[in-house]
Amino acid sequence: MLETVNATNVEIKSMDNLFDYCDNEAINLIYQKHNNVFHFRHDSKIYGIGNNYNTITNGCSFTKEGIKSLFANMGIPSLYQTLDSVTTRNVASDFLNKLLQEFKVRDRLKNKKFIIDQTNGYPSQEPKIIGMVSDLYKPYTNKQLLDSFMKSELMETLEFERAWSHNTLLTINWLDREYTGIEIDGKLDRSRIGLYSRNSMVGNSTIKLDVSLFDMLCTNGMMIKNNLSKSSIVHKGKYIPTYQIQKMITDSKTVYSQAIDRLKLTLDIPFDIKTATIMLASEAPVHLIKDDKIPLWNTQKVYKTEKEGQEALMTSVKHIMETPKRIGGIHTNKVFESSHRDGKASVYHYIGAFTEYAQTRSPAEQYRIEEEAGDLVNWFGVNKRRFLN
C-alpha cells in the first residue's frame, strides 16, 4: 500500500488571488537534484543521504502524481496500480528499495530532478514531491506566464473569468471583450467566447491556448480545442518573449468563428431518441461522468441474439435521454421541464447538463468535464451529416 498526500487543487476567482497564488507557487516550488541513494521507509516517505540534499534527507511525502512520475522515470509506469493494491505497508517500501538498487533503474534516474512543493512551510512542515523531470527540463513558472500575458497589448481585449490549478497545471479562462453574444433560446448576449490558457510546472503540459465558450446565464463553460500548432509553446527555456505570447493569442483567435459555428450546430440538432441512437451507433464520446458505471450499447460488442442487442440499445438510449435530469442542476431542469418546450431541447442543452454538473465537482474534475464537453461539441461538428440529413 502506498500512502500519498493530496496535490494542490484550488479554484481561483479573482485576479488578485491569481497573482498571489502564482507568486507563492513560484517561491515554494523547487527542482531538487538527488545523489541516487535515496530510499523509502515504511511511512511511505522518501529519504536521502548527503548535506546537499537536506530536503529529501528530512523525508518527503508524495502526491499520487509525484509517485507516478517517479515510476514513469524508473521505466515502470504501471507500478503504481500494482503497489497500491498491496495491503501491507512495508511490502511496498521494501520492494521499491530493491528496485532502486538495480543498475538500470539507477541509470534512468541519475539525470532526473525531484519537483518539491514547500508551500506547507518547510521545515516546520514536511514538503511533498509532486513530480520528476529531466535535468534538461526548463521550468517556466505560472507567474512568468501570467506576467507575459499582462504585458501583452492584446490583454486589453481579454478579461479574467476564473482559474483552476491542480498539481501546478494552471488553467485560466479569459473572456474576450470584443466578441459577445449569439442567440440562445431567443436571447442575445448570453454566450461569451474567449480563451483557456494552460501551463504546467511538472513537465506534463506545454504552454497552450484553446478557445472557450462561456454561458453567462448559468456560468457553464467548455473548451473547444483548436488543434493549431501555433497555439502551444514547448518548455525550451526560462524566458519566453512577450511577442511570442501575443502571437499565440492572435493565432488562437483565428478559430473563434469555427468554435461559434460548432456551438450553433449543437443548437440545430434536436436532442431526441433518434439523435441518441445515432450517437451510440457512431460511438460518440458520451462518457463524461466517470462515476457513471453503466455500460452502454456499442457496435463492437457481440450480443447472443438480435433481441438482446436491441434491448441493450434501447436501455442505452433511455440512459442518454435521462442524463440531463439525472445530473443537471437548476438551469438544466428549467429547460427539460419547461411546459413551453413540450419536452423539446437541443444537443446544446444536453451538453449543458454536463457543464452545469461540472460546477459541483472539484476544480480538476470540472476542468476535465469542460474539456471533454468541448470534445463532444467538436465530435458533432465532424459528424454533423449524420444528424442533419
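Residues numbered from 1 in each chain as written. Predicted model: local features only at pLDDT ≥ 70, side-chain atom pairs only at ≥ 80, totals over all residues. Heavy atoms only, no water.

Draft legend 1. Structural view of the layout of surface pockets. Here the second largest pocket defines a volume of roughly 310 Å³. Along its surface, the second largest pocket is lined by 18 residues, and Glu65, His166, Asn167, Leu169 and Asn204 are the ones closest to its centre. Of all elements in the fold, only helix H3 (64-74), strand E7 (128-134), strand E8 (158-166), strand E9 (169-180) and helix H14 (363-382) reach the threshold of two or more residues within the lining of the second largest pocket. No other element matches H14, which puts six residues into the lining of the second largest pocket. Grouping the amino acids of the lining of the second largest pocket by side-chain chemistry returns seven nonpolar, seven polar and four charged. (1 Å grid on protein atoms, 1.4 Å probe; cavity = no way out; pocket = protein on both sides within 12 Å on 5 of 7 lines; lining within 4 Å. Points joined across faces, edges and corners; volume = space filled by probe spheres on them. Helix = DSSP H or I, 4+ residues; strand = E, 2+ residues; numbered from the N terminus. Nonpolar A, V, L, I, M, F, W, Y, C, P; charged D, E, K, R; others polar.)

Draft legend 2. Looking closely at the confidence of the model for the chain. This prediction gives the chain a mean pLDDT of 84; 88% of its residues lie at or above 70. Least confident of the elements in the chain is helix H2 (residues 54-57), whose mean pLDDT is 58; most confident is helix H10 (residues 273-281), at 95. (pLDDT = per-residue confidence, 0-100.)

Draft legend 3. Inspection of empty space enclosed by the protein at higher detail. Across all of its chains, the model carries three cavities of 30 Å³ or more by this definition. Considering the residues around the largest cavity, the lining is formed by 14 residues, among which Val286, Asp292, Leu296, His319 and Thr323 are closest to the centre. When contributions to the lining of the largest cavity are tallied by element, the ones reaching two or more residues are helix H11 (306-327) and helix H13 (347-358). It is H11 that provides the largest number of residues to the lining of the largest cavity, a total of five residues. Residue classes in the lining of the largest cavity are distributed as nine nonpolar, three polar and two charged. Space inside the second largest cavity adds up to approximately 40 Å³. The wall of the second largest cavity is formed by Asn142, Leu145, Leu146, Phe149, Leu170, Ile172, Trp174, Ser197 and Asn199. Those elements that provide at least two residues to the lining of the second largest cavity are helix H7 (142-151), E9 and strand E10 (191-199).

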